[in-house]
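This is what each chain is made of:
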Amino acid sequence: MSGTTKVITAEEPTHFTRRENCRICRQASLHPFLQLGPMPLAGAFLRPQDAGTELAFPLTLAVCTGCREVQTIETVRRELLFKDYRFLASTTATLRNHFAALAGTLNERFLSPGELVVDIGANDGVLLKPLERLSVRAVGLEPAANIARVARAAGCHVIEEFLSPAAAGRLVEEYGPARVVTACNVFAHIDDMHEAVNAISVLLRPDGLFVCEVHYLPDLVETYQVDMMYHEHLMHHSLRPLAHLFATYGLEIFDVARIPIHCGSIRVYVQRKGSPRPEPRSPAVSQLLDLEIRLGLDLPSTFDAFAGQVLARRDRLRQLVLDLVERGRRVVGYGASGRATMHLNLCGLGPGAIPYVVDASPERQGRVVPGTRNPIVAPELFRADTADVALLFAYNYRSEVAAAEQEFLARGGRFLLPLPEPVLEPR
Ligand SMILES: [Zn+2]
């Protein structure tokens, strides 16, 4: 945390609980490897007048020595995490295109006209909209009231609820069981994975398929993505623990694909064991399971080494920014995501070092980063400014940002990429 800001360190158990056992295999075999707290909630961008009211929590990463799932020990109450979530997926062209392509893939591979798709964590309808354009019946579950409103305003069918077996039962009563259930970037956020997979099983027809996208632990480890390890992400999945969890509920993974979204994710395809319309098992499943072993994800020492590497990178990034500022360079942030909150707080870089963070989402403009309180501004302000360096927190949208900020680059502006190695571009 920055020494210049005051943050309330939240008390347990009103605000959070600590896991004693693994969320997947339920064994009391968690090996902590990285302590990052106290940290504010990475997505809790707040109004300037509310600065000083943000909560901070301990943040401890652990790996289960039983099933190898990597997870956050502290579970912040989900009402605090997601009731006023400020991420609208449709504001990002990369995500719009990604979900339009996913809708096309699902339609081609699995869907007949009139069949139902249920999207869990539907956000602002970023997947529902392209599905509906393909004449697929699509219904979303979205617990964040402000986001569900945006989806409904765009004409999507959205039920404002958290995923649970009871909510799934109500949905099936109203719409019937689903041919396909999707959950993209949702599984990292769920504390009770057993309840979630049970609910998905309630939603599915006997020949129903579940397709999920999660950020992929091997990508996190290989590129030192500590900036994804915030409280909202309770788990960092790999294939082996997921397969174990699905098997508990009579489900099996039949296909998997690595996808570039969010700096490295996997799309996992799941069916019921004994489905009346079984899909063949792809060799990609065994290939990724083997890769996870080759990367040492079954060894706690791999994560102890990872912790040392990310802390060294944090120190180098902080020093690089402070050196630039000392030499009179104007350094601003670009992309007010959870990654920005993490880097700014881990490095203790307040508005004195980074006067603002640019973000295209109107939901975030006018707010400040929790903890360090850097103001969030519209891209127009950045374009009218004379910044020398943009610390690109949104390095996962690097080509999209470079295309939008050609003038900045043309007048000699440079991007500072925080990961996998802090570096200025062009060099
Ligand atoms: Zn486990």
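Heads up: these notes are all about the structure in this document. (Residues numbered from 1 in each chain as written. Predicted model: local features only at pLDDT ≥ 70, side-chain atom pairs only at ≥ 80, totals over all residues. Heavy atoms only, no water.)

Brief notes about the packing of aromatic side chains
All chains considered together, the criterion is met by twelve aromatic pairs. Ring geometry for F408 versus F415: centroids 5.5 Å apart, planes at 55°, classification tilted. When its relative accessible area of 3% is taken as the criterion, F408 is described as buried. The structure contains a cluster of three or more aromatic residues connected by ring pairs, namely Y334, F382, F408 and F415. Against the face of F162 rests R78, its NZ or CZ located 3.9 Å from the ring centre. It is R109 that lies over the ring of Y269; its NZ or CZ is 4.6 Å from the centre. (Phe/Tyr/Trp six-rings, centres within 6.5 Å; stacked < 30°, edge-to-face > 60°. Buried < 20%, exposed > 50% of the residue type's maximum accessible area, 1.4 Å probe, protein only. Lys NZ or Arg CZ within 6 Å of the ring centre and 35° of its normal.)

Structural notes on helix 6 (residues 193–203)
Of all eleven residues in helix 6, eight are buried; the element is thus mostly enclosed. Along helix 6, the positions that sit buried rather than exposed are M193, H194, A196, V197, A199, I200, S201 and L203. Structurally, the start of helix 6 carries an N-cap: the backbone nitrogen of H194 is 3.2 Å from a side-chain oxygen of D192. (Helix = DSSP H or I, 4+ residues; strand = E, 2+ residues; numbered from the N terminus. Polar contact = N/O pair within 3.5 Å; in protein donor to acceptor, adjacent residues only side chain to side chain.)

A closer look at the coordination of the zinc ion
Here the zinc ion is held by C22 (SG), C25 (SG), C64 (SG) and C67 (SG), and the distances to it run 2.3 to 2.4 Å. Coordination at the zinc ion comes from four donor atoms whose angles at the metal span 100 to 118°, giving a geometry best classed as tetrahedral. On the primary sequence, the residues serving as donors to the zinc ion are separated as C-x2-C-x38-C-x2-C. Separated by 39 residues along the polypeptide, C25 in the loop between strand 2 (16–18) and strand 3 (30–35) and C64 in strand 6 (residues 60–64) bring together distant segments of the chain. Just as C25 is buried, C64 falls in that class too. (Donors = N, O, S within 2.8 Å, 3.2 Å for Na, K, Ca; no water. Tetrahedral: all angles 85-135°; square planar, octahedral: opposite > 155°, others 65-115°.)

Some details on the sheet that holds strand 12 (residues 178–184)
In spatial order, the strands read 11-10-9-12-13-16-15; together these seven strands make up an open sheet with mixed pairing. Each of the sheet's edge strands pairs with one partner strand only, and the pair in question is strand 11 (157–159) and strand 15 (251–259). Each strand of the sheet is rotated relative to its neighbour by a mean of 20°, with strand direction disregarded. As paired elements, strand 9 (residues 116–120) and strand 10 (residues 137–141) share five bridges and run parallel to each other. By the bridge assignment for strand 10, I120 is matched with L141. Across the sheet, helix 5 (residues 165–175) is in contact with strand 9, strand 10 and strand 11; its angle to strand 10 comes to roughly 155°. Against the sheet, helix 8 (residues 239–248) makes contact with strand 13 (204–215), strand 15 and strand 16 (265–272), and its axis sits at roughly 155° relative to strand 15, the strand it touches most. (Pairing = 2+ DSSP bridges. Axes fitted to C-alpha atoms, helices over the stretch in contact; angles between N-to-C directions. Contact = heavy atoms within 4.5 Å.)

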